[in-house]
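Understanding the architecture of this molecule
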Amino acid sequence: MQPPIIALTPADAPAVARVQAACYAPALRESEALYARRLASPAHCSLGVPDGGGALLAYLAACWSVRGAATPLHGGFTPHPHADTLYLHDMAVLPTHAGRGLAQALLAATWRAAQARGVRRAALVSVQGAAAFWRRQGFEPAKAPVGLGSYGDGALYMIRELPDSAADIS
């Protein structure tokens with residue numbers, strides 16, 4: 001059964017911060033206030049998976065961006081009038097809910113949103129050794145943009161071309 005997917009709002013910032021704290025090293029954690037600003041940005045297209053009681057189990061913080069732009073760590077989601085790229089800023093699943101397909105459900109919903117908008121590229125900065133996971137999702141390393149250094153050593157900018165057809169999204 002497909003888990004419910006919701007669009008995140010600024011009111012979800014405390015829950016995002018809670019999930020993030022369970023998944024990311026302290027140096028990579030961002031503030032609740034920053035997430036509230038990101039989730040208020042017209043560029044954001046962030047999604048979450050709540051449990052039956054509404055508690056957030058997983059999230060994907062994302063925004064409409066342009067190729068070669070990476071939101072710096074602790075930076076906001078900047079609107080781009082001619083956005084051509086879906087930028088995945090971060091994704092986290094509570095460790096107690098890992099392996100249940102929540103990340104795949106979030107990615108599939110995001111791919112559908114990009115396809116509906118006519119966006120055919122996704123980009124991200126891989127951290128904490130997650131590059132192998134992102135490669136399995138179809139991402140490949142690309143030239144590092146300005147702002148990548150804010151993520152620390154081992155950060156890797158990656159892109160993926162998205163299919164034209166929703167039937168080809170995986």
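Higher on the page you've got the structure.
Residues numbered from 1 in each chain as written. Predicted model: local features only at pLDDT ≥ 70, side-chain atom pairs only at ≥ 80, totals over all residues. Heavy atoms only, no water.

**Structural notes on the pattern of salt bridges**
Summed over the entire model, instances satisfying the criterion amount to 4 salt bridges. A salt bridge links Glu30 to Arg38, with the nearest nitrogen and oxygen atoms 2.7 Å apart. Residue classification places Glu30 among the buried residues on the basis of a relative accessible area of 6%. In this structure, Glu161 engages Arg67 in a salt bridge whose closest nitrogen and oxygen atoms are separated by 3.8 Å. Note that Glu161 is positioned in strand β7 (residues 156-161) and Arg67 in the loop between β3 (56-65) and β4 (85-93), a separation of 94 residues in sequence. For Glu161, a relative accessible area of 47% gives the class partly exposed. Here Arg67 falls in the partly exposed class, since its relative accessible area comes to 46%. Because the salt bridges share partners, they merge into one network encompassing Arg67, Asp84, Arg121 and Glu161. (Salt bridge = Lys/Arg side-chain N within 4 Å of Asp/Glu carboxyl O. Buried < 20%, exposed > 50% of the residue type's maximum accessible area, 1.4 Å probe, protein only. Helix = DSSP H or I, 4+ residues; strand = E, 2+ residues; numbered from the N terminus.)

**Quick look at the environment of Asp84**
Along the chain, the position of Asp84 falls in the loop between β3 and β4. Assessed through its relative accessible area of 32%, Asp84 is described here as partly exposed. Discounting chain neighbours no more than four positions away, the residues touching Asp84 are Ser65, Val66, Arg67, Val119, Arg120 and Arg121. A distance of 3.5 Å separates the side chain of Asp84 from the side chain of Arg121, its partner in a polar contact. (Contact = heavy atoms within 4.5 Å. Polar contact = N/O pair within 3.5 Å; in protein donor to acceptor, adjacent residues only side chain to side chain.)

**Overview of the environment of Ala25**
Relative to the helices and strands, Ala25 resides in the loop between α1 (13-23) and α2 (32-40). Each C-alpha atom, one on Ala25 and one on Val127, is 9.9 Å from the other, the two residues being 102 residues apart in sequence.

**With respect to the pairing of β7**
In the sheet, strand β5 (residues 121-126) pairs with β7 via 6 bridges, with the strands oriented antiparallel. Bridged to Ala122 within β7 is Arg160. (Pairing = 2+ DSSP bridges.)

**Side note on the nonpolar core**
Ranked by internal contacts, the top residues of the largest apolar core, which has 55 residues, are Tyr59, Leu86, Leu88 and Val125. With 9 residues, β3 is the single largest residue contributor to this core. (Core = buried A, V, L, I, M, F, W, Y, C linked by side-chain atoms within 4.5 Å.)

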